[in-house]
Amino acid sequence: PGKVILGAQWGDEGKGKFIDIFAGKADLVVRSQGGNNAGHTVVAGGEKYKLQPDSSGILYPECVNVIGGVVVNPKAVLGEIDGLHEKGVSTDKLFIDARCHCIMPWHLELDALSEQEAKEGTAIGTTKKGIGPTYMDKSERSGIRMHDFVDAERFEEVIRETCARKNRVITGVYGGEPIDADAVIAEYKVYADLCVRWCATP
């Protein structure tokens, strides 16, 4: 049997606490939605863990943890993994669903620009972490998914193609500065090469 922990108050309602309670007896914990704009803090063994892409299931060595259905910021998830390793937490049983959409620099820029353009009183208070724009791409099936991101043969092609398309919106709609595809490729190729280790197709 499986248990679904579902929040109905748009966050901050204690999902993380319940996940932590059930994860200790679970074989598998799957984070199924959201992004790295929120998370929960867990104290275990005297150590404090601030988890965003991961769930507290990662703190239970026998538990398989899957990031699935989530929009993934590769830089952020690798930073959290590094932090876990520094505290002696294994990520050998962590997997990122290859179908997850990637949060890219243009998503961060579009998030900030749309909030900046909003008239007084109409801004939604986004965390500007690119989550909304990434879900927009997911809905229209135009985003970069993890399996594209970690594919050495497709990586540069999808980055250049998507960056050019997003730059038309950034410059044409918002009057912003275009994003340099070469700079994105140089930085994010490092993340792609590292993410391969955790990326899996169910």
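Presented here is an overview of the structure given in this document. All residue numbers refer to position in the chain's written sequence, counted from 1. Per-residue local features of the predicted model are confined to residues with pLDDT of at least 70, and side-chain atom pairs are confined, for both listing and counting, to 80 or more; whole-chain, interface and lining totals are unaffected and use all residues. Here the side-chain values reflect all heavy atoms present in the structure, with hydrogen atoms and water set aside.

## Notes on unusual backbone geometry
The backbone of R141 sits at a positive phi, close to 60°, despite the residue not being glycine. By the secondary structure assignment, R141 is in the loop between helix 4 (131-139) and helix 5 (146-149). Here a helix means four or more residues in a row that DSSP labels H or I, a strand means two or more in a row labelled E, and each is numbered from the N terminus.

## Brief notes about the sheet that holds strand 5 (residues 94-97)
Two strands qualify as a pair provided that DSSP identifies no fewer than 2 bridges between them. Spatially, 1-4-5-6 is the arrangement adopted by the 4 strands of the open sheet, whose pairing is parallel. Whereas interior strands pair on both sides, the edge strands pair on one side only; in this sheet they are strand 1 (28-31) and strand 6 (199-200). Looking at chain direction, strand 4 (residues 64-67) and strand 5 are connected through 3 bridges and run parallel. For N65, the partnering residue across the bridge sits in strand 5 and is L94.

## Re helix 4
We call a residue buried when its accessible area falls under 20% of the maximum for its residue type, exposed when it is over 50%, and partly exposed in between, using a 1.4 Å probe and counting protein chains only. Inspection of helix 4 places I131, P133, T134 and D137 among the buried residues, and these make up the whole buried set. All buried residues of helix 4 fall inside an arc of 165° around its axis, so they share one side. Turned more than 90 degrees away from the buried face of helix 4, the exposed residues are M136 and S139. Just past helix 4, the residue R141 takes up positive phi, approximately 60°. Taken from the helix axis, the directions to the C-beta atoms give the arc we talk about.

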